[in-house]
Amino acid sequence: MRKVFTWLLAGIVLLFRRLGPRVPPPDGRAEERRPRIVPMGPPSPDAELVVAALFVATGLAAVAFVVVYAVDRIGHQTQFLGLSLGLAFAFLAAAFVVAGRSLVADEEIVEDYPEPHPEAQEDVLQIVDESADRLTRRRLLVLTGLGAGGALGAALVVPAASLGPLLDWDELREVPWRAGRRLVDERGRPLRASEIEEKVFYTAFPEGAPREDVGAPVVVVRLPPAHLKLPPERQGWAPRGILAYSKICTHAGCAISLYRVPLYPPATPTPALVCPCHYSTFDPAAAGAVLFGPAGRPLPQLPLRIDANGILRAAGPFSAGPGPSWWGARAGAQPQ
Ligand code: FES
């Protein structure tokens, strides 16, 4: 890592020394010129313009990437993101190709490798300086190059925003369930307690809230009340034996989509909610406890109540934060 940083720093210093303005000696003496190492080549103003134009195109493509990333509702957004970033790199590569072919001295000298001497470093710097002597538009190339580099750097850094909120971490713990919110099915129809049958697996959402939230979908099942093994503080969370749990597996966030119901009691022990990804298995009768698999904590339970019209409603928030066991959920943070 340190070596990479050193090389990077050396490259930047050489670039500026090569393309930046010449600084006269501090004592005002005329710059002492050593004999040229690189022969003076003819200037290539057209190639310089092409390189500058390609740098500008690189910057514009990189800015387009940032814009497409920021405007969330663009159709085919992924394709446009790939196109704009790909074009930015293509323009940059083309700029380097043109610069390498037309602007940079590339004379090959075959001779014995010289003994190291103290002026070797000076020679290298002189070669770099002299290679840029034929440039007629240094300032333009520096500005467009810096613009392209800056825009491309921004395009590479901006997607880090997708890793999560920067300052307001509470957003990660927010769930749409509130006491009194009705449970609705995929079509938005409220779930009636009388419609919930045993051995059937239902998916429900909070009425009027975004369904894409990790905390939104719940599974609803019904068990004989006598079979429930809920802790004392959750008595009353499962009216008529109807239970609701977060549908998002606490292992890595897949959707719980299998309901194993015993058909032959001697062979299968108990009803269980199963995640199809790595087969984490949860016991709906025992507060979502893990029976099997890699999940490290129970499924969060949503307390339920039945209103006067027989509709299922949330009686409060989840028992714990829903979703995979990221640090906040593992620490037992309560949803808000
Ligand atoms: S995501 Fe459910 S078991 Fe791995």
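Residues numbered from 1 in each chain as written. Predicted model: local features only at pLDDT ≥ 70, side-chain atom pairs only at ≥ 80, totals over all residues. Heavy atoms only, no water.

Novice: Tell me about the pairing of strand 4 (residues 242-246), and name the residues and values.
Specialist: Strand 4 sits mainly inside the fold: 5 of its 5 residues count as buried. In the sheet, strand 3 (residues 218-222) pairs with strand 4 via 5 bridges, with the strands oriented antiparallel. Bridge assignment links Val220 to a residue of strand 4, and that residue is Ala244. By the bridge criterion, 2 bridges tie strand 4 to strand 9 (residues 301-302) in an arrangement that is antiparallel. (Buried < 20%, exposed > 50% of the residue type's maximum accessible area, 1.4 Å probe, protein only. Helix = DSSP H or I, 4+ residues; strand = E, 2+ residues; numbered from the N terminus. Pairing = 2+ DSSP bridges.)

Novice: Account for the state of the cysteines, naming residues and giving values.
Specialist: Counted under the stated rule, the structure contains 1 disulfide. The residue that forms a disulfide with Cys254 is Cys277, at a sulfur-sulfur distance of 1.9 Å. Its torsion about the S-S bond being -90°, the disulfide of Cys254 and Cys277 is classed as left-handed. In this pair, Cys254 sits in the loop between strand 4 and strand 5 (258-260) while Cys277 sits in the loop between strand 6 (272-274) and strand 7 (281-283), placing the two residues 23 residues apart along the sequence. Note on Cys254: relative accessible area 23%, which makes it partly exposed. (Disulfide = S-S within 2.5 Å.)

Novice: Run through the packing of aromatic side chains, naming residues and quoting values.
Specialist: Summed over the entire model, instances satisfying the criterion amount to 2 aromatic pairs. Plain terms: the ring middles of Phe55 and Phe96 are 6.4 Å apart, the flat faces sit at 80° to each other, and that makes the pair edge-to-face. One end of the pair, Phe55, is in helix 2 (residues 45-70); the other, Phe96, is in helix 3 (residues 77-102), and 41 residues separate them in sequence. The buried category is assigned to Phe55, whose relative accessible area is 11%. A residue is classified by how much of its surface remains accessible, and Phe96, at 52% relative accessible area, is exposed. The ring of Phe205 is capped by Arg211, whose NZ or CZ atom sits 4.6 Å from the centre of that ring. (Phe/Tyr/Trp six-rings, centres within 6.5 Å; stacked < 30°, edge-to-face > 60°. Lys NZ or Arg CZ within 6 Å of the ring centre and 35° of its normal.)

Novice: Now, about the sheet that holds strand 7: what can you tell me, with residues and values included?
Specialist: Spatially, the 4 strands line up as an open sheet ordered 5-6-7-8, and their pairing is antiparallel. Strand pairing shows two members of the sheet lacking a second neighbour, strand 5 and strand 8 (289-292), which therefore form its edges. Strand-to-strand twist in this sheet, taken as the mean axis angle between neighbours without regard to direction, amounts to 35°. Of the pairings in the sheet, the one linking strand 7 to strand 8 comprises 3 bridges and is antiparallel in character. Opposite Asp283, over in strand 8, you have Ala289 as the bridge partner. (Axes fitted to C-alpha atoms, helices over the stretch in contact; angles between N-to-C directions.)

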